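Close look at the chain arrangement
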Amino acid sequence: MARAPRYLDALNPEQRAAVETLDGPVLVLAGAGTGKTRVLTTRIAHILASGRARAFEILAVTFTNKAAREMRERVETLVGQGAEAMQWLGTFHAISAKILRRHAELAGLKPNFTILDTDDQIRLLKQVLKAENIDDKRWPARALAMRIDGWKNRGLSYAQVPAGEAQSFADGKGAALYALYQERLKILNAVDFGDLLLETLRLFRENPDVLADYHRRFKYILVDEYQDTNTAQYLWLRLIAQGRHNVCCVGDDDQSVYGWRGAEVENILRFEKDFPGARIVRLERNYRSTGHILAAASHLIAHNEGRLGKTLFTDGAEGDRPTVTGVWDSEEEARAIGEDIEQLQRRGHDLEEIAILVRASFQMREFEERFITLGLPYRVIGGPRFYERAEIRDALAYLRCVAQPADDLAFERIVNTPKRGLGDATLQMLHEYGRRENTPLMTSARILVESEEIKARPRATLRALLADFERWRSLIDVKPHHELAEMVLDESGYTEMWRQDKTPEAAGRLENLKELVRAMEPFPDLAGFLEHVSLVMETDEAAGAQKVSIMTLHGAKGLEFETVFLPGWEEGLFPHQRSLDENGRAGLEEERRLAYVGLTRAKRRAKIYFATNRRIHGLWQSTMPSRFIDNLPPAHVEVVEAAGASQYGSYGVSRFANLDSYNSGYDTPGWKRAQSAPRENYAKSAGRDSGRARQPKTIEGEVVGRSSPGSRFAPGARVMHLKFGPGTVAGADGAKLTVDFDKAGRKMVLESFVEAT
DNA sequence: TGCCTTGCTATTTTT
DNA sequence: TAGCAAGGCA
């Protein structure tokens with residue numbers, strides 16, 4: 001055999017096996033930080049370099065656009081140019097859309113079909129509910145959307161929904177509503193995200209010749225983040241992979257954190273069964289984290305059952321131990337982390353290499369506030385996205401109306417934006433006609449405008465609007481699309497509407513509109529741009545300036561940082577109560593995987609925090625340290641005391657000696673101590689800004705768990721509260737007390753948080 | 001048509 | 001507590 005090509009030199013033996021096993025199915029179990037992206041990209045490079053297939057004969061599927069973009073870039077650096085020829089590299093949804101457009105008629109669609117996003121989907125469902133006279137208070141469209149998505153994720157058409165579940169929504173109308181919704185989508189020439197997969201699946205099943213064509217085309221198939229596939233994606237993949245069986249899936253069962261949106265870890269566990277003779281390659285050599293971090297993460301995840309099991313190791317240094325710090329409340333947590341970061345900064349650390357990973361986005365605010373006062377530059381990742389802003393959605397609706405005349409949702413959105421006197425009454429009439437004649441709204445409008453059904457004023461306005469759209473539409477092939485867009489926005493009065501607007505956001509909105517027009521330029525035409533927009537809901541955030549990243553644990557998957565702060569490790573928040581309530585043990589294990597993901601993002605420093613008190617929905621509640629803290633190996637973790645937090649000094653070996661499992665979390669030393677030991681009050685650390693009255697010198701009430709029986713306090717009783725000071729009980733409702741505080745006034749507080757005086 | 005009040009809810013989020 | 005959505009009212 002000839003000398004191995006150079007790009008293989010950089011790989012370890014397992015990685016190399018994963019890259020070089022080209023024939024037949026391969027499952028790569030790639031632990032965190034073991035170089036899975038390198039394997040995927042090198043494998044593509046290897047297929048290309050060895051002449052096994054050309055770029056357009058490789059199907060490479062990812063979950064996110066970001067991952068797709070990264071893969072493309074990395075293949076490019078590996079093979080020089082030519083990666084742009086990889087026309088089948090993309091997300092499941094993007095590839096499905098592409099296939100579907102090629103065979104739209106077979107799927108009962110026109111090739112210019114619209115892809116609805118969640119917002120459109122919900123608006124459409126609201127209409128369906130209304131038409132069916134279902135109270136959308138009791139049966140919210142959002143809930144129906146979730147249910148339908150769930151069915152679609154499982155690959156179920158409305159006819160396939162199991163009888164029991166079909167009865168589940170609005171007194172037994174679940175599946176029927178699903179069917180009505182699909183009917184509406186067909187009329188609108190539209191699909192939602194779930195349909196992209198489902199319709200492609202149906203296309204393949206009903207047209208074996210089409211499927212065979214793709215079997216011939218795709219010589220090699222690669223799938224990233226395989227543990228995140230849902231059933232529909234799995235069926236899709238299995239169908240396509242049946243052709244040549246050259247399928248390589250890369251994933252890590254320990255990083256499956258999207259079960260709540262339909263991902264089935266089972267898919268990874270049953271790979272061997274579905275693809276007989278599959279080669280399994282384990283990547284266990286970690287190149288990212290130092291020894292202690294890796295040990296802590298491994299020990300934590302070992303508490304999960306039903307894993308394929310991997311043992312990560314590193315040849316690197318032991319490094320610093322992850323730390324666990326207890327703080328008084330979320331405010332102190334933010335302050336402590338802020339100080340840590342400032343110190344790292346002073347020591348010359350790169351802010352880009354620091355991240356704060358939270359469980360839920362509400363935790364972010366406290367950090368933002370703190371960082372603003374500190375003047376610490378930060379960036380929140382995962383905020384509202386560019387294409388979700390109202391003005392962008394409006395502008396896109398205009399463009400959709402131009403390009404896709406049957407797009408009723410878009411039309412409805414903008415008929416009266418800006419206000420032009422086309423209100424509910426007019427719209428109602430269009431709807432009625434449309435429903436009767438089965439025509440899109442714009443067609444209905446065109447017909448009704450010729451009659452006298454509509455009053456003269458709105459009739460004239462509507463006629464003018466329709467004429468505008470005609471004119472714009474006639475320019476599609478004449479004018480460059482970004483110029484056309486600008487023209488539409490100006491002539492429709494939309495831009496003017498924001499110019500007139502005096503609210504402080506107006507300027508930013510106009511700026512966004514300009515940005516939108518700019519963003520259109522690189523696309524070949526309007527249709528191409530709209531396709532991009534519906535599938536790629538993102539803007540490339542300009543990285544650059546040195547900033548600390550604040551994001552959710554989910555958002556951090558796939559990233560790495562020198563230093564990772566992990567605040568909020570408290571029972572109820574992390575693991576999240578809802579996860580436990582709704583999914584029991586499976587929910588807990590998914591939360592634990594999330595903790596594992598968090599820890600393994602850290603290259604050199606991982607810092608865990610838990611607060612004793614946290615405000616949840618406006619009420620202060622005392623909280624327990626997370627059971628995940630008990631899951632950490634004492635030998636690899638350092639318990640750090642926040643300044644003044646002396647009561648945590650008792651954190652010692654015993655704290656970690658007992659490995660708990662589900663449901664027994666409340667017997668751990670940490671839990672017991674928290675219950676029994678009356679905590680000494682301590683002044684807030686770092687005595688700065690003592691403006692607000694700090695905890696008065698009192699004894700905090702022992703923590704009464706969730707099972708607290710009726711109230712210990714009768715109205716009139718005098719109590720002492722840690723935040724609010726002394727007060728008189730006005731009433732009790734279970735564990736909640738209404739107290740008239742001497743200073744703070746009437747508040748609802750948790751009983752466990754006050755003490756009799 | 002627009003403003004104000006009321007009520008409700010409150011993970012994770014990509015496509 | 002706060003933020004949003006929907007309904008009522010002028």
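Quantities reported herein were computed from a predicted structural model and do not represent experimental measurements.

1. Comments concerning the overall build of chain A
Assigned secondary structure in chain A consists of 30 helices and 21 strands. Sorting the 757 residues of chain A into buried and exposed places 54% on the buried side.

2. Here we look at the protein's contact with DNA strand B
Surveying the vicinity of DNA strand B reveals 25 residues, the closest of which are Asn 65, Arg 359, Ser 361, Arg 385 and Thr 552. Within 4 Å of the protein, the contacting atoms of DNA strand B are drawn from sugar and phosphate to the extent of 53%. The separation between a base oxygen of DNA strand B and a polar side-chain atom of Arg 359 is 3.1 Å. One nitrogen or oxygen atom from the side chain of Asn 416 is found 3.2 Å from a phosphate oxygen belonging to DNA strand B. Per-element accounting of the surface near DNA strand B gives the leading share, three residues, to helix 27 (residues 577-600).

3. Side note on the sheet that holds strand 6 (residues 220-223)
Pairing is parallel across the open sheet formed by six strands, whose spatial order is 3-2-6-7-1-8. The sheet is open, and its two edges are formed by strand 3 (89-91) and strand 8 (279-283), each paired on a single side. Neighbour to neighbour, the strand axes of the sheet diverge by 15° on average, direction disregarded. Note that strand 2 (residues 58-62) and strand 6 share four bridges and pair parallel. Among the inter-strand pairings, Ala 60 is bridged to a residue of strand 6, identified as Leu 222. The strands touched by helix 4 (residues 92-102) within the sheet are strand 2, strand 3 and strand 6, with strand 3 carrying the most contacts at an inclination of about 110°.

4. Examining the pattern of salt bridges
Tallied over the entire structure, the rule returns 57 salt bridges. Note that Arg 471 and Asp 468 form a salt bridge whose closest N and O atoms lie 2.5 Å from each other. On the criterion of helical spacing, the pair formed by Arg 471 and Asp 468 is a turn pair, its members being three residues apart in helix 21 (residues 456-474). Residue Arg 473 pairs with Glu 470 through a salt bridge whose shortest N-O separation is 3.9 Å. Separated by three residues within a single helix, Arg 473 and Glu 470 lie in helix 21, roughly one turn from each other. With a relative accessible area of 18%, Arg 473 lands in the buried category. One network of salt bridges, in which partners are shared, links Asp 117, Asp 119, Asp 120, Arg 123, Arg 393, Arg 400 and Asp 407.

5. Describing the pairing of strand 7 (residues 247-251)
The side chains of a regular strand alternate between the sheet's two faces. In terms of burial, strand 7 is largely enclosed, as five of its five residues are buried. Judged by which residues are buried, strand 7 turns out to be covered on both faces: Val 247, Cys 249 and Gly 251 on one side and Cys 248 and Val 250 on the other are all buried. The sheet contact formed by strand 1 (residues 26-30) and strand 7 spans four bridges and is parallel. Across the sheet, Val 28 pairs through a bridge with Val 250, a residue of strand 7. The sheet contact formed by strand 6 and strand 7 spans three bridges and is parallel. In the strand pairing of strand 7, Leu 222 is matched with Cys 248. Regarding the hand of the β-α-β motif, the stretch spanning strand 6, helix 11 (residues 231-241) and strand 7 is right-handed.

6. A few points about the packing of aromatic side chains
With the rule as written, the count across this model stands at 22 aromatic pairs. The interplanar angle of 80° and the centroid separation of 5.3 Å between the aromatic rings of Trp 88 and Phe 218 together place this pair among those described as edge-to-face. Here Trp 88 is found in the loop between helix 3 (65-79) and strand 3, whereas its partner Phe 218 is found in the loop between helix 10 (208-217) and strand 6, with 130 residues between them in sequence. Judged by relative accessible area, which is 2%, Phe 218 ranks as buried. With a centroid separation of 5.9 Å and an interplanar angle of 80°, the aromatic rings of Tyr 158 and Tyr 178 are classed as edge-to-face. Of this pair, Tyr 158 sits in the loop between helix 6 (141-153) and helix 7 (163-166) while Tyr 178 is found in helix 8 (residues 174-187), placing the two residues 20 residues apart along the sequence. The exposure class of Tyr 158 is partly exposed, given its relative accessible area of 42%. Site record: aromatic cluster; members linked through ring pairs are Tyr 398, Phe 469, Trp 472, Tyr 494 and Trp 498.

7. Remarks on the pairing of strand 9 (residues 323-329)
Most of strand 9 sits inside the fold, with seven of its seven residues counted as buried. The sheet contact formed by strand 9 and strand 14 (residues 602-616) spans six bridges and is parallel. By the bridge assignment for strand 14, Val 324 is matched with Ile 608.

8. Remarks on the nonpolar core
Counting residues in each nonpolar core, the largest one holds 72 residues, and the members touching the most others are Leu 59, Ile 221, Tyr 226 and Trp 236. At eight residues, the largest contribution of residues to this core is made by helix 11. Apart from the residues lying within four places of it in its own chain, the contact partners of Trp 236 are Leu 59, Val 61, Phe 92, Ile 95, Ser 96, Leu 197, Thr 200 and Leu 201. Counting residues in each nonpolar core, the second largest holds 47 residues, with Leu 396, Leu 399, Leu 484 and Val 533 among its members.

The rules behind each value
Residues numbered from 1 in each chain as written. Chains lettered and ligands numbered in written order. Predicted model: local features only at pLDDT ≥ 70, side-chain atom pairs only at ≥ 80, totals over all residues. Heavy atoms only, no water. Helix = DSSP H or I, 4+ residues; strand = E, 2+ residues; numbered from the N terminus. Buried < 20%, exposed > 50% of the residue type's maximum accessible area, 1.4 Å probe, protein only. Near = heavy atom within 4 Å. Polar contact = N/O pair within 3.5 Å; in protein donor to acceptor, adjacent residues only side chain to side chain. Pairing = 2+ DSSP bridges. Axes fitted to C-alpha atoms, helices over the stretch in contact; angles between N-to-C directions. Contact = heavy atoms within 4.5 Å. Salt bridge = Lys/Arg side-chain N within 4 Å of Asp/Glu carboxyl O. Right-handed = clockwise from strand over helix to strand, strands pointing away. Phe/Tyr/Trp six-rings, centres within 6.5 Å; stacked < 30°, edge-to-face > 60°. Core = buried A, V, L, I, M, F, W, Y, C linked by side-chain atoms within 4.5 Å.

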